[in-house]
Amino acid sequence: MRVVIVADGKLAADAVRQGLRYTAGIDVIGYVDSTRRCGPSVHAADADLVLVNDREHEQASLDRIAEIRAAVPEIKIIMLTRDMDPDWLSEACRAGIDAAVSSAVASGGLGTIVRHIVGGDVFHAFAQPPAAEVSPAIDQLTARELQILRLAASGSSNGRIARELWVTEQTVKFHLSNIYRKLDVVNRTQASHIAHLNGMLTVDPTPPARDAVAA
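Quantities reported herein were computed from a predicted structural model and do not represent experimental measurements. (Residues numbered from 1 in each chain as written. Predicted model: local features only at pLDDT ≥ 70, side-chain atom pairs only at ≥ 80, totals over all residues. Heavy atoms only, no water.)

Caption draft 1: Examining the overall build of the chain more closely. When helices and strands are counted, the chain shows nine helices and five strands. Going residue by residue from the N terminus, the α and β elements of the chain occur as β-α-β-α-β-α-β-α-β-α-α-α-α-α. Expressed as a percentage of its 215 residues, the buried residues of the chain come to 47%. For the chain, the share of sequence-separated contacts (at least 6 apart) that also reach a separation of at least 24 residues comes to 70%. As presented, the chain carries roughly 11200 Å² of accessible surface, and 52% of it is formed by carbon and sulfur atoms. (Helix = DSSP H or I, 4+ residues; strand = E, 2+ residues; numbered from the N terminus. Buried < 20%, exposed > 50% of the residue type's maximum accessible area, 1.4 Å probe, protein only. Contact = heavy atoms within 4.5 Å. Areas by Shrake-Rupley, 256 points an atom, 1.4 Å probe, with all protein chains shown as cover.)

Take a look at the structure:
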């Protein structure tokens, strides 16, 4: 079983790796830095499982999970979390995780738990999340604005969006301002969250840099 760890740095990734090192059948092929866009890198790694070490900023964790799920729909995603609150787990479940494991689990037992989850031997009924509401404001966006929102929600920078659409960065900023106004939000994160809830996340086909997945 090929495993990629998503964590906010090598030290955090190594801590997770230590918990898997003595478990037969698990091959950690590298890690992806969760402080940056990671969907394309996980896709390129051709892994069977992603272990996402959640971050202090919950929305950032949800964004990464949703991004990975969109990039590799069939992959198993397990979140390692310090917070086992049912509401938080429900949000993570909606974003795309298959299971969650407490960070308090002894490192020596992590690999066994992961193997049982992947093998279908563990079932946990998360609290049912409230149904995602489709924002009627989405209907107010033009085709170009929808295109830019999808790219922004997928993690593309303004510069990357400009290059892909053959427009200037100023034009991208102009459209984003209109998007924020129409959706009644104040920043990119809030707009991206609405895009996620409305199933608008798209996958960027551009391959990642060759060193995007660190061994």
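Past the structure itself, the notes keep going.
Caption draft 2: Fine view of unusual backbone geometry. A positive phi angle, close to 55°, is found at Asp-46, a residue other than glycine. Backbone geometry at Asp-184 places phi at a positive 60°, although glycine is not the residue there. Here Asp-184 shows up in the loop between helix 8 (169–183) and helix 9 (188–197). The class for Asp-184 is exposed, based on a relative accessible area of 70%.

Caption draft 3: Examining the pattern of salt bridges more closely. All chains considered together, the criterion is met by seven salt bridges. One salt bridge connects Arg-69 with Asp-98, and the closest N-O pair in it is separated by 2.9 Å. Here Arg-69, found in helix 3 (residues 58–71), pairs with Asp-98, found in the loop between helix 4 (86–95) and strand 5 (99–102); they are 29 residues apart in sequence, far enough to count as distant. Residue Arg-69 is classed as buried on the basis of its relative accessible area of 17%. The partner of Glu-145 in a salt bridge is Lys-182, and the shortest N-O contact between them spans 2.9 Å. Of this pair, Glu-145 sits in helix 6 (residues 143–153) while Lys-182 sits in helix 8, placing them 37 residues apart in sequence. Classification of Lys-182 by relative accessible area gives buried; the value is 19%. (Salt bridge = Lys/Arg side-chain N within 4 Å of Asp/Glu carboxyl O.)

Caption draft 4: Local environment of the pairing of strand 3 (residues 49–53). With respect to burial, strand 3 is a largely interior element, five of its five residues being buried. Burial along strand 3 is two-sided: the residues Leu-49, Leu-51 and Asn-53 and Val-50 and Val-52 are all buried. Relative to strand 3, strand 1 (residues 2–7) runs parallel, the two being bridged by four bridges. Considered in strand 3, the bridge of Ile-5 is made with Leu-51. (Pairing = 2+ DSSP bridges.)

Caption draft 5: Up close: the nonpolar core. Core analysis: the largest hydrophobic core is formed by 23 residues, its most contacted members being Val-6, Val-42, Ile-68, Ile-75 and Met-79. Elements with a contribution of two residues or more to this core: strand 1, helix 2 (39–45), strand 3, helix 3, strand 4 (76–81) and helix 4. Beyond its immediate sequence surroundings of up to four residues, Met-79 is in contact with Val-52, Asp-54, Ile-65, Trp-88, Leu-89, Ala-92, Ile-97, Ala-99, Ala-100 and Val-101. Counting residues in hydrophobic clusters, the runner-up holds 22 residues, among them Ala-137, Ile-148, Ala-153 and Ala-195. (Core = buried A, V, L, I, M, F, W, Y, C linked by side-chain atoms within 4.5 Å.)

Caption draft 6: Structural view of the side chain of Thr-23. With respect to the helices and strands, Thr-23 occurs in the loop between helix 1 (10–18) and strand 2 (27–33). Residue contacts for Thr-23: discarding those within four places in its chain leaves Gly-111, Thr-112 and Arg-115.

Caption draft 7: Here's a closer look at the environment of Ala-45. Looking at the element boundaries, Ala-45 is found in helix 2. On the accessibility criterion, Ala-45 (10% relative accessible area) is buried. Between the C-alpha atoms of Ala-45 and Ile-29, which are 16 residues apart in sequence, the distance is 8.0 Å.

Caption draft 8: Region of interest: helix 3. The end-to-end C-alpha separation of helix 3 is 20 Å, in line with the 20 Å expected for 14 residues at 1.5 Å each. Burial analysis of helix 3 places twelve of its 14 residues in the buried class, which makes it a mostly covered element. If you check which residues of helix 3 are buried, you get Gln-59, Ala-60, Ser-61, Leu-62, Asp-63, Arg-64, Ile-65, Ala-66, Glu-67, Ile-68, Arg-69 and Ala-71. The elements touched by buried residues of helix 3 are strand 1, helix 2, strand 3, strand 4, helix 4 and helix 9. (Expected span 1.5 Å × (residues − 1).)

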